[in-house]
Amino acid sequence: MIWEEFHRVVNMNSEELRAHLLADASDEEGFPPDPDMGIDELGRGVLHVLAKRKGDLTKTDLDVMRQVVEFVENMGDRTDDASRRELMSVGHDPLRG
């Protein structure tokens, strides 16, 4: 069930999400020096899950999926810039139907 809920709320594909996360993490100076490049941990988890098949999911993946579903449901489809960026950082674009 969590697989379906996750894929219902995550309406960006992995390429779109990766591009958003990289653009969001960079600034005028480029990327920060840390190895994660300033990319949101939950967003990285979503990318990891999107690259897997249902049968290959781990407990950690299921936790990420639950967190994302809960986060998106709590945020709703807010479209102001700050909220939209937060939602997009976990793969949900509220401007998509």
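Whatever comes next refers back to the structure up there.
Since this is a predicted model, take the numbers as computed values, not measurements.

Before going further, it helps to examine the pattern of salt bridges. Under the criterion given, the structure shown has ten salt bridges. Measuring nitrogen to oxygen at the nearest pair gives 3.0 Å for the salt bridge that ties Arg8 to Glu73. Of this pair, Arg8 sits in helix H1 (residues 2-9) while Glu73 is found in helix H4 (residues 59-75), placing the two residues 65 residues apart along the sequence. The partly exposed category is assigned to Glu73, whose relative accessible area is 47%. When the shortest N-O distance is used, the salt bridge between Asp93 and Arg84 registers 2.9 Å. By relative accessible area, Asp93 is classed as buried at 7%. Note on Arg84: relative accessible area 25%, which makes it partly exposed. When salt bridges that share partners are traced, they join Glu16, Arg84, Asp93 and Arg96 into one network.

This part takes up H1. Buried residues of H1: Trp3, Phe6 and Val9, and no others. For H1, the buried positions fall inside an angular range of 140 degrees around the axis, keeping them on one side. On its buried side, H1 packs onto helix H3 (41-50) and H4.

Turning to its location among the elements, Val9 is positioned in helix H1. Assessed through its relative accessible area of 3%, Val9 is described here as buried. Sequence spacing of Val9 and Met65 is 56 residues, and the spatial spacing of their C-alpha atoms is 9.9 Å. Excluding residues within four positions of it along the chain, Val9 makes contact with Val68, Val69, Val72, Gly91 and His92.

Summarising the element assignment, Ser89 is placed in the segment after helix H5 (81-88). Residue classification places Ser89 among the buried residues on the basis of a relative accessible area of 11%. Apart from the residues lying within four places of it in its own chain, the contact partners of Ser89 are Leu17, His20, Leu21, Asp40 and Gly43.

A word on the nonpolar core. Counting 19 residues, the largest nonpolar core has Phe6, Val46 and Val68 as the members making the most contacts within it. Where this core is concerned, the elements lending two or more residues are H1, helix H2 (14-25), H3 and H4. A total of six residues in this core trace back to one element, the largest contributor, which is H4. Discounting chain neighbours no more than four positions away, the residues touching Val68 are Phe6, Val9, Val10, Leu42, Val46 and Val90.

Procedures and definitions
- Residues numbered from 1 in each chain as written.
- Predicted model: local features only at pLDDT ≥ 70, side-chain atom pairs only at ≥ 80, totals over all residues.
- Heavy atoms only, no water.
- Salt bridge = Lys/Arg side-chain N within 4 Å of Asp/Glu carboxyl O.
- Helix = DSSP H or I, 4+ residues; strand = E, 2+ residues; numbered from the N terminus.
- Buried < 20%, exposed > 50% of the residue type's maximum accessible area, 1.4 Å probe, protein only.
- Arc of directions from axis to C-beta.
- Contact = heavy atoms within 4.5 Å.
- Core = buried A, V, L, I, M, F, W, Y, C linked by side-chain atoms within 4.5 Å.

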